[in-house]
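Residue-level listing of the chains:
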Amino acid sequence: MTDLPSFTAADVDAQPTIDLPSFENDDAVDLGLIAVQVIREQNVSLAVRIVLRGDVVFQAKLKKTGPGNDPWLAGKAAVVEQFGEPSLLVKLRHQEAGTPFEERTDVDHEVLKAHGGSSPIRVNGEVVGSITTSGEPDVVDHAATAEAVRRYLAAR
């Protein structure tokens, strides 16, 4: 991938996220398998993790990903859990407001990583989990996650 995708907060806010009447382990595996397909099609080096109700239900590490991606997967998912919206959206809203997330002194930056790649999974409006990718520049991570979510929703 030579040209990195570019997003504004409005772009990310307009993208679909998962909000369904139910979402269980089998759904998480289906979503994870779609994400693996997207990652392979895009020929990128990404790890994908789906957390549901605090439990890692699906995880795959493709190409050059490994243990070094784990803190990023957890940190991006923690942003989704805390803010209830995609991790890239949190980052971009802060940037567009002129206050980069990294400069906030009221958050633990070892725990919360506002970088693209994580999207909420909601059941009836309540965040119950996330799908997160890590391994490439964060806009690439976000694009892969967003495409997996789009395909998952289209297949339902």
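For the structure itself, look to the data block above.
What you are looking at is a predicted structure, and each value in this text was computed from that prediction instead of being measured.

Analysis parameters
Residues numbered from 1 in each chain as written. Predicted model: local features only at pLDDT ≥ 70, side-chain atom pairs only at ≥ 80, totals over all residues. Heavy atoms only, no water. Pairing = 2+ DSSP bridges. Helix = DSSP H or I, 4+ residues; strand = E, 2+ residues; numbered from the N terminus. Axes fitted to C-alpha atoms, helices over the stretch in contact; angles between N-to-C directions. Contact = heavy atoms within 4.5 Å. Core = buried A, V, L, I, M, F, W, Y, C linked by side-chain atoms within 4.5 Å. Buried < 20%, exposed > 50% of the residue type's maximum accessible area, 1.4 Å probe, protein only.

### Section: the sheet that holds strand 1 (residues 18-20)
By way of backbone hydrogen bonds, the strands of a sheet pair with one another, either parallel or antiparallel. Read across the sheet, 5 strands follow the order 1-4-5-2-3 without closing on themselves; strand pairing throughout is mixed. This sheet does not close on itself; its edge strands, each paired only once, are strand 1 and strand 3 (55-61). Within the sheet, the average angular offset between the axes of one strand and its neighbour, ignoring direction, is 15°. Bridge count between strand 1 and strand 4 (residues 118-123): 3 bridges; the pairing is parallel. When the bridges of strand 4 are listed, Asp-19 appears paired with Arg-122. Helix 2 (residues 25-42) rests against strand 1, strand 2 (47-52), strand 3, strand 4 and strand 5 (126-134) of the sheet, and its axis sits at about 20° to strand 3.

### Focus on the nonpolar core
Core analysis: the biggest nonpolar cluster contains 34 residues, and Ile-18, Phe-23, Leu-31, Val-48 and Ile-131 have the highest contact counts within it. For this core, the element with the highest residue contribution is helix 2, accounting for 7 residues. Ignoring sequence-local partners within four residues, the contact set of Ile-131 consists of Leu-31, Ala-35, Val-48, Arg-49, Ile-50, Gly-117, Ser-118, Ser-119, Ile-121, Thr-145, Ala-148 and Val-149. Listed in part, the 7 residues of the second largest apolar core include Ala-78, Val-90, Phe-101 and Ala-114.

Function-wise, these values are silent; they only describe arrangement.
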